[in-house]
Amino acid sequence: MQKLEQLYEGKAKKVFKTDDPKLYIVDYKDDATAFNGEKKGTIASKGVVNNRMSAIIFAQLEEKGVPTHLVELLSDRETLVKAVKILPLEVIVRNVAAGSFSKRYGVEEGRKLVKPCLEFSYKNDDLGDPLINDDHILALELAAPEQLDLIRKYAFMVNDFLIEFFLKSDLNLIDFKIEFGLFDGKVILADEISPDTCRLWDVHTGEKMDKDRFRRDLGNVEETYQEVLARVEKNS
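Rules used throughout
- Residues numbered from 1 in each chain as written.
- Predicted model: local features only at pLDDT ≥ 70, side-chain atom pairs only at ≥ 80, totals over all residues.
- Heavy atoms only, no water.
- Helix = DSSP H or I, 4+ residues; strand = E, 2+ residues; numbered from the N terminus.
- Buried < 20%, exposed > 50% of the residue type's maximum accessible area, 1.4 Å probe, protein only.
- Phe/Tyr/Trp six-rings, centres within 6.5 Å; stacked < 30°, edge-to-face > 60°.
- Lys NZ or Arg CZ within 6 Å of the ring centre and 35° of its normal.
- Core = buried A, V, L, I, M, F, W, Y, C linked by side-chain atoms within 4.5 Å.
- Contact = heavy atoms within 4.5 Å.
- Pairing = 2+ DSSP bridges.
- Axes fitted to C-alpha atoms, helices over the stretch in contact; angles between N-to-C directions.

**Topic: the environment of isoleucine 151**
Along the polypeptide, isoleucine 151 turns up in helix H4 (residues 145-167). Judged by its relative accessible area of 1%, isoleucine 151 is buried. Expressed as a C-alpha distance, the spacing of isoleucine 151 and glutamate 72, which sit 79 residues apart in the sequence, is 23 Å.

**Quick notes on the packing of aromatic side chains**
Considering all chains together, one arrives at 4 aromatic pairs under this definition. Between tyrosine 154 and phenylalanine 180, the ring centres sit 6.4 Å apart and the planes meet at 25°, which makes this aromatic pair stacked. With tyrosine 154 in helix H4 and phenylalanine 180 in strand S12 (residues 171-183), this residue pair connects regions lying 26 residues apart in the sequence. Accessibility classification places tyrosine 154 together with phenylalanine 180 in one group, the buried group. Note on phenylalanine 165 and phenylalanine 166: the rings are 5.2 Å apart at their centroids and 80° apart in plane angle, and the pair reads as edge-to-face. Judged by relative accessible area, phenylalanine 165 falls into the buried class, the value being 3%. Assessed through its relative accessible area of 0%, phenylalanine 166 is described here as buried. What links up through ring pairs into an aromatic cluster is the set Phe161, Phe165 and Phe166. Taking the ring centre of phenylalanine 16 as reference, the NZ or CZ of lysine 3 above it sits at 4.1 Å.

**Comments concerning the nonpolar core**
In this structure, Ile57, Phe166 and Ile193 are the most contacted members of the largest nonpolar core, which totals 49 residues. Discounting chain neighbours no more than four positions away, the residues touching isoleucine 57 are Phe161, Leu162, Phe165, Phe166 and Ile193.

**A short note on the side chain of aspartate 27**
Along the chain, aspartate 27 turns up in strand S3 (residues 23-28). Beyond its immediate stretch of four places on either side in the chain, aspartate 27 contacts Lys3, Ala12, Lys13, Lys14, Phe16, Arg77 and Glu78.

**Thoughts on the sheet that holds strand S6 (residues 70-73)**
Taken in spatial order, the 5 strands of this open sheet run S1-S2-S3-S7-S6, and their pairing is antiparallel. Bordering the open sheet on either side are strand S1 (3-9) and S6, each of which pairs with just one other strand. Each strand of the sheet is rotated relative to its neighbour by a mean of 30°, with strand direction disregarded. The pairing of S3 with strand S7 (residues 78-82) spans 5 bridges and is antiparallel. By the bridge assignment for S7, leucine 23 is matched with lysine 82. Packing of helix H1 (residues 46-63) onto the sheet brings it into contact with S3, S6 and S7, and relative to S6 it is tilted by some 130°.

Okay, here's the thing in structure tokens:
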């Protein structure tokens, strides 16, 4: 597979064309951002952790019936993926109150929600990724009704899987963000699932094992990312 010109560079990844128009190569970076890009930094080997962890999770999600963009892990930082057209939605599932949810609704962090809560954000940096509802999505034609139904279905399937997946590594899944796209007209899971996109708390100590260590200046960021990957690889 030949790697051609760069198509896109985001906060965490670069995307390259290949000699197959239906396939891209994603290259994971060590750059770190928070608060819609207001805070910037670098987490050593973050790209390696996120790439390898995403590949493990996406492969298992495929087996559970969730279609993904994963084709093949190429190296520590690169993955071959389907050439997905990303839908401009951030899909967030919350199991426990934390972060912006706690701040927005005045709920103490760590309170278990009576049921998983699904949120949508309009993926638009200039607007600060505002929260939107189903009617907004349909009115703005960000997704068709049947696509939105599938996104909801897959999001809860991913949540059910990830809760059990991370528990095997003594991690509680607090919340996570995923993205979907279209490939050959079908909705599939894209982007990544990693300590960048999930809140993970240690089952025994409650220690934060995710990007909040960077957001909140908690220290040991690189070591924590490496610890999460080591646990996941051991228990997968």
